[in-house]
Amino acid sequence: MTPNSEELLTLLNKAEVEYVVIGGVALVAQGSARATFDLDVCYKRSKENIDKLCRALEPIHPRLRGAPDNLPFRFDTKTVVAGLNFTLATDLGDLDLLGEVAGLGAYDAVYNCSELRAVEKISCRVLSLDGLYRAKIAAGRDKDLEALKEIKGLKDLKERLGQE
Amino acid sequence: MTTEQRKLAYELITNPPPGSDIAAAKEYGIDLTLLVENLNLTVAERLRKLYSVAKFLEKMQQSRIIR
């Protein structure tokens, strides 16, 4: 399996899934020099959107990341409605699906803290630096608090340089 | 990784032994599921993964706001 997050986002876009890229990849889009291996997205928890999400991911065989192969798991609308957050491995790479983001709330609140970005040939909504800051504070783990210093420094740098 | 090793790894990351370094890593915020997936790859596969992720992250860094 060779991960291809761009293709994964293209799949979500084609299926018209409502989502916002959050986490480490969003941080990189905002200028961070950190590397991250998984793609985190916040998805809208409407029945229609969950249907679209499940259909979009079906061809790339979503499975529970880190779980043994024989652990029963079926990624379908029923499962997603019953759960909230899912850490998945897919044929196109690791994908974390979050129904809510601590410090921000559910999809609509996350959407309001996001910006539409062009990433080569595709576009996707990405969490803003302010949104990332609020999410990291709320997560509150040592790893998140460590990232806060970089976010604050990055924000200050961008403001002084007059960058968006 | 063998099937038995994957099963054991899942148990260890789901319920890390109290006081272990695995528990400390989880508490710090390390996503242990990513480590298990990486351990399941060969060295060559890990390097291919790293290269592919780096290419995507470069594109994200070069992304621009549309609105």
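The preceding data block contains the structure.
Just so you know, these numbers come straight off a predicted model, no measurement behind them.

**Description of the overall build of chain A**
Reasoning step 1: Each helix and strand counted, chain A has seven helices and nine strands in total.
Reasoning step 2: The C-alpha atoms of chain A give 16 Å as radius of gyration, which agrees with the globular expectation for 164 residues (15 Å, within 12%).
Reasoning step 3: Each principal axis of the C-alpha distribution contributes one length, and for chain A these read about 50 × 35 × 30 Å.
Reasoning step 4: Counting across all 164 residues of chain A, residues that qualify as buried make up 44%.
Reasoning step 5: In chain A, of all internal contacts separated by at least 6 residues, the share reaching a separation of at least 24 is 61%.

**Description of the interface of chain B and chain A**
Reasoning step 1: The partner chain A presents 31 residues to the 29 residues of chain B that form the contact.
Reasoning step 2: Counting residues per element, the ones that place at least two in the side of chain B that touches chain A are α1 (3–14), α3 (32–39), α4 (43–61) and β1 (64–65) of chain B.
Reasoning step 3: Here the side of chain B that touches chain A takes nine residues from α4 of chain B, the largest share from any one element.
Reasoning step 4: Its residues assigned to classes, the side of chain B that touches chain A comprises 14 nonpolar, six polar and nine charged.

**Quick word on unusual backbone geometry**
Peptide bonds are, in most cases, trans, and in most cases residues other than glycine have a negative phi.
Residues and elements named next belong to chain A.
Reasoning step 1: For E16, which is not glycine, the phi torsion reads 55 degrees and is therefore positive.
Reasoning step 2: The residue E16 is located in the loop between α1 (5–14) and β1 (19–22) in this model.
Reasoning step 3: Take E16: there are 10 C-beta atoms within 10 Å of it, and that puts it in the exposed class.

**Section: the pairing of strand β5 (residues 93–98) of chain A**
Residues and elements named next belong to chain A.
Reasoning step 1: Counting buried positions along β5 yields six of six residues, so the element is predominantly enclosed.
Reasoning step 2: Pairing geometry for strand β2 (residues 39–43) and β5, over four bridges, is parallel. The residue bridging C42 from the neighbouring strand is L98, located in β5.
Reasoning step 3: With five bridges connecting them, strand β4 (residues 86–90) and β5 associate as antiparallel partners. By the bridge assignment for β5, F86 is matched with L97.
Reasoning step 4: As consecutive antiparallel partners, β4 and β5 are separated by two residues.

The rules behind each value
Residues numbered from 1 in each chain as written. Chains lettered and ligands numbered in written order. Predicted model: local features only at pLDDT ≥ 70, side-chain atom pairs only at ≥ 80, totals over all residues. Helix = DSSP H or I, 4+ residues; strand = E, 2+ residues; numbered from the N terminus. Rg over C-alpha atoms; globule rule 2.2 N^0.38 Å. Buried ≥ 20, exposed ≤ 12 C-beta atoms within 10 Å, placed from the backbone. Contact = placed C-beta atoms within 7 Å. Nonpolar A, V, L, I, M, F, W, Y, C, P; charged D, E, K, R; others polar. Pairing = 2+ DSSP bridges.

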